[in-house]
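An overview of the molecular structure
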Amino acid sequence: VLYWIKKLEDEKRVPPLPVFLDSPMALAGLELYADRTHELDPEFHENGGGMDGFTSSLFRAITSTEDSKALTLSHQPSIIVSSSGMATGGRVLHHLRASLPDERNAVVFVGFQAVGSRGRSLVEGAPQVKIHGQLVDVRARVVEIDSMSAHADASEILRWLRGFTSPPGITYLVHGEPGAQQVLRGRIEAELGWRVEIPAHGDTVGLPGRTGAARA
């Protein structure tokens, strides 16, 4: 997200705006990316190197709880990048609580929103969501961008599985929504000939060579 904001600004497709990164986890991840820029795609280096490849002209990292609270109260036009991606916890909830009631604001989700999450409710058009025990009116524009999800799609998963030197006895699918799991199961069975199971919540599976069992 930071990379594309910087790129849009460099290409003068958007005006310079203050960009605040308010997430301890995201800050830690950003430092890792900055240390390993030589492993990133070549086009990244056209946008700068190291931390400069991610930080636009008015970028600021929010490192303290006090600064995060002050940012929540601010009415300065800006872009706030915060976790968690499904709006289930963390500092982003304070920003959502302050921003959702104002129709001048936009809330952009750039990752998959699982069923039952607050993020899913928002992208599906909920007029209100509960945050910190209180109902918050949704008047802001809510936008979802699917192309930036970091999860592998079915074809990428199959490409990875084909790299195994020998197939597992059983492949368990424990992530994703039921419909998508069934589609992936069908593809793995048809294209690789593997045995695939989708355990239900609470199922236990014995692991060969180990004591005990794994619980789904």
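Residues numbered from 1 in each chain as written. Predicted model: local features only at pLDDT ≥ 70, side-chain atom pairs only at ≥ 80, totals over all residues. Heavy atoms only, no water.

Focus on the pairing of strand 6 (residues 134-137)
Relative to strand 6, strand 5 (residues 128-131) runs antiparallel, the two being bridged by four bridges. Its bridge partner being in strand 6, Lys130 is matched across the sheet by Leu135. From the end of strand 5 to the start of strand 6, which pair antiparallel, there are two residues, and His132 there has a positive phi angle of about 55 degrees. (Pairing = 2+ DSSP bridges. Helix = DSSP H or I, 4+ residues; strand = E, 2+ residues; numbered from the N terminus.)

Some remarks on the packing of helix 7 (residues 154-161) against helix 8 (residues 178-192)
Here helix 7 crosses helix 8 at 40 degrees, and the two axes come no closer than 11 Å. The angle between the axes of helix 7 and helix 8 places the two elements in the oblique class. Seen along the crossing, helix 7 lies across helix 8 with a hand that is right-handed. Contacts from Ala154, Ser155, Ile157, Leu158 and Leu161 of helix 7 reach helix 8 at Leu184, Arg187, Ile188, Glu191 and Leu192. Taken together, the residues of the contact of helix 7 with helix 8 break down into seven nonpolar, one polar and two charged. (Axes fitted to C-alpha atoms, helices over the stretch in contact; angles between N-to-C directions. Parallel < 35°, antiparallel > 145°, perpendicular 65-115°, else oblique. Left-handed = near helix turned anticlockwise from the far one by under 90°. Contact = heavy atoms within 4.5 Å. Nonpolar A, V, L, I, M, F, W, Y, C, P; charged D, E, K, R; others polar.)

Thoughts on the sheet that holds strand 3 (residues 79-81)
Read across the sheet, three strands follow the order 2-1-3 without closing on themselves; strand pairing throughout is parallel. Two strands close off the open sheet at either side, each with one partner strand: strand 2 (59-61) and strand 3. Each strand axis lies, on average, 20 degrees off the axis of its neighbour in the sheet, ignoring direction.

Any functional reading would require information beyond the geometric quantities listed.
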